[in-house]
Amino acid sequence: MAHHGVLVLSLLVFLQAIGLPVPCAVALILAAAQSAKGHLSGVGVLSGSLVALLAGDALMFLLGRRTGWWLLGTLCRISLNPESCVVASADTFHRRGRSLLVVAKFLPGINTMAPPLAGSMQMRWWPFLWLDLAGCALYIGAYFVLGYLFSDAVSSVIHFYERFGHLTTAL
């Protein structure tokens, strides 16, 4: 974990940003708890996650701009409610405006759709980047603070699952 934790975390964050169902929030909480215990660099966790999330969102924004509604349709086909996905996402983005990008990471269904939607709606690059940076920092910061503050509880849960794993292998 100490050697490759930040790299693995960054990969998970990037994969979630491009639409794969990865438990990124859980990974951020675990990494923050490891940072609190001194096993991982807090600066590395925060900066690696931020760069990975921004890179994934930038890629999705550019793909949305390039492919238009096709990418949104593809993402919606793998969602839970594909019929209303594109329409609902576009309507939410249109009603809430660009500030939706700041809180989109916390909204299931909108989190993956917001960057390509912004691109397909021809949002300019710099406003997108600044709003997305604010949203990414808020998302990563919230889960990092949560994991850091409750690192003892997280360690207890991890220890329980390790003991449970040893018990099941012994049976």
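Each value, and the rule that gives it
Residues numbered from 1 in each chain as written. Predicted model: local features only at pLDDT ≥ 70, side-chain atom pairs only at ≥ 80, totals over all residues. Heavy atoms only, no water. Helix = DSSP H or I, 4+ residues; strand = E, 2+ residues; numbered from the N terminus. Expected span 1.5 Å × (residues − 1). Buried < 20%, exposed > 50% of the residue type's maximum accessible area, 1.4 Å probe, protein only. Core = buried A, V, L, I, M, F, W, Y, C linked by side-chain atoms within 4.5 Å. Salt bridge = Lys/Arg side-chain N within 4 Å of Asp/Glu carboxyl O.

Glancing now at helix α8 (residues 125-149). Compared with the 36 Å implied by 1.5 Å per residue over 25 residues, the 35 Å span of α8 between its first and last C-alpha is a close match. Buried within α8 are the following residues: F128, D132, G135, C136, Y139, I140, F144 and G147.

One finds L9, V13, L28, V45, L53 and Y139 to be the most contacted residues of the largest nonpolar core, which totals 18 residues. Mapped by element, the contributors of at least two residues to this core are α1 (5-17), α2 (24-36), α3 (42-67) and α8. Per-element tally for this core: the top contributor is α2, with 6 residues. The next biggest cluster of nonpolar side chains, apart from the first, holds 9 residues, and it includes L101, I110, A114 and A118.

Relative to the 18 Å expected for 13 residues at 1.5 Å per residue, α2 spans 18 Å between its end C-alpha atoms, a close match to the ideal helical length. Counting buried positions over the 13 residues of α2 gives 10, a clear majority of the element. For α2, the full list of buried residues reads C24, A25, A27, L28, I29, A31, A32, A33, Q34 and S35. Once α2 ends, the next one or two residues include G38, with phi positive near 85°.

Tallied over the entire structure, the rule returns 2 salt bridges. The residue D152 makes a salt bridge to K37 at a minimum N-O spacing of 2.5 Å. Here the residue D152 occupies a position in helix α9 (residues 151-170), and K37 occupies one in the loop between α2 and α3, the gap between them amounting to 115 residues. Exposure remark for K37: the relative accessible area of 36% places this residue in the partly exposed category. Notably, a salt bridge pairs K105 with D57, separated by 2.8 Å at the nearest N-O pair. Pair noted here: K105 is in the loop between α6 (100-103) and α7 (114-120) and D57 is in helix α3, with a separation of 48 residues, a long-range link.

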